[in-house]
Every structure is written in structure tokens, then in C-alpha cells.
Amino acid sequence: QVQLVESGGGLVQAGGSLRLSCAASGRPFRTDVMGWFRQAPGKEREFVAAITWSGANTRYADSVKGRFTISKDYAKNAVYLQLNSLKPEDTAVYYCAADISPWSKSRDNTYDYWGQGTQVTVSS
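From a predicted model like this one, the values you see are computed outputs, not experimental measurements.

Draft legend 1. Representation of the nonpolar core. In this structure, Met 34, Trp 36, Leu 81 and Tyr 94 are the most contacted members of the largest nonpolar core, which totals 35 residues. Contributions of two or more residues to this core are made by strand E3 (18-25), strand E4 (33-39), strand E5 (46-52), strand E7 (68-73), strand E8 (78-83), strand E9 (92-99) and strand E11 (118-123).

Here's what the structure looks like:
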């Protein structure tokens, strides 16, 4: 059974930092694309960042470029999202997801597995 478990969310002041973690289990994941998405209250879920397990490819939403960094630990089957210079508009539930598509075919709507999410709240 595939499981993606997020952790690391919380309440932080604007300008602060958080590190989200995603522990993956239940399938090899070795060729998957791993991504982070977020959903703010009253808004649709949106893409944040993605990475291949090799680390050779990364992609970010324009709204988080230069502030967020996605990374992975191959040995621990874990993916991370470092959130720096947080803004109130970053407040959302953040989800980890896995896409079995190859990087070249991975799109925001091709993800197959999802975690339950972790809440990030940024106060002004």
C-alpha cells in the first residue's frame, strides 16, 4: 500500500522558515517524480515544486522561486520542501504527491498518489 506522510507544518511569522518532510513507502518510487502542492482556503490546489529521485530535475511555481527549495534523500525515501521568506499568502495545506510518469510527461494533473497534507500558517 502506497503511503505518503507529510510533517513539519506549523504556525510561523512572515519572513520565517519551515521545512516540510514527506516519507514515502509502499512502492519503489525510484523513477517517480515527487511533487509538492498546496491548497489555500477557498482556492484550488496548486503546484509548488517537483523533483526527480535522481535530483537531476527540479521545477518550481513562479510564486515560490528563490524562496522554496525541494530536495530528496534517496536512502530514506524522503522528500523535503524548505520554505524560506514565508508570506501570509503561503498559508495553505501542503501536500506531497508521487507521479509515476517520466519527467518529460509529468504535469500538474498526472500525479497518482497523495498524502494527507500538513498545515502551514503564516501570520503577518
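Moving on, there is more to tell.
Draft legend 2. Structural detail: the pairing of E9. Taken across its eight residues, E9 has seven buried, putting it largely inside the fold. In this structure, E4 lies alongside E9, joined through seven bridges in antiparallel fashion. In the sheet register, Arg 38 faces E9, and the bridge partner there is Tyr 94. Relative to E11, E9 runs antiparallel, the two sharing three bridges. Counted as the bridge partner of Tyr 94 is Thr 118 from E11. Pairing analysis gives two bridges linking E9 to strand E10 (residues 113-114), with the strands arranged antiparallel. Its bridge partner being in E10, Ala 98 is matched across the sheet by Tyr 113.

Draft legend 3. Spotlight on the environment of Thr 69. Looking at the element boundaries, Thr 69 is found in strand E7. Distance from Thr 69 to Pro 41, taken between C-alpha atoms, is 23 Å for residues 28 residues apart in sequence. Excluding residues within four positions of it along the chain, Thr 69 makes contact with Tyr 60, Tyr 80, Leu 81 and Gln 82.

Draft legend 4. Fine view of the packing of aromatic side chains. With the rule as written, the count across this model stands at five aromatic pairs. Measuring from ring centre to ring centre gives 4.9 Å for Phe 37 and Tyr 111, while their planes differ by 80°; the resulting arrangement is edge-to-face. Pair noted here: Phe 37 is in strand E4 and Tyr 111 is in the loop between E9 and E10, with a separation of 74 residues, a long-range link. Note on Tyr 111 and Trp 114: the rings are 6.1 Å apart at their centroids and 55° apart in plane angle, and the pair reads as tilted.

Draft legend 5. Representation of the sheet that holds E8. With antiparallel pairing, the four strands of this open sheet are ordered in space as E1-E3-E8-E7. If you trace the sheet from one side to the other, it starts and ends with strand E1 (3-7) and E7, each paired once. Averaged over neighbouring strand pairs, the angle between their axes works out to 15° when direction is ignored. Pairing geometry for E7 and E8, over six bridges, is antiparallel. For Phe 68, the partnering residue across the bridge sits in E8 and is Leu 83.

Draft legend 6. Spatial organisation of the pattern of salt bridges. Enumeration over the complete set of coordinates arrives at five salt bridges. Across the pair Arg 59 and Asp 108 runs a salt bridge whose closest N-O atoms are separated by 3.1 Å. Of this pair, Arg 59 sits in strand E6 (residues 58-60) while Asp 108 sits in the loop between E9 and E10; the two residues are 49 residues apart in sequence, bridging distant segments of the chain. Judged by its relative accessible area of 29%, Arg 59 falls in the partly exposed class.

About the criteria used
- Residues numbered from 1 in each chain as written.
- Predicted model: local features only at pLDDT ≥ 70, side-chain atom pairs only at ≥ 80, totals over all residues.
- Heavy atoms only, no water.
- Core = buried A, V, L, I, M, F, W, Y, C linked by side-chain atoms within 4.5 Å.
- Buried < 20%, exposed > 50% of the residue type's maximum accessible area, 1.4 Å probe, protein only.
- Helix = DSSP H or I, 4+ residues; strand = E, 2+ residues; numbered from the N terminus.
- Pairing = 2+ DSSP bridges.
- Contact = heavy atoms within 4.5 Å.
- Phe/Tyr/Trp six-rings, centres within 6.5 Å; stacked < 30°, edge-to-face > 60°.
- Axes fitted to C-alpha atoms, helices over the stretch in contact; angles between N-to-C directions.
- Salt bridge = Lys/Arg side-chain N within 4 Å of Asp/Glu carboxyl O.

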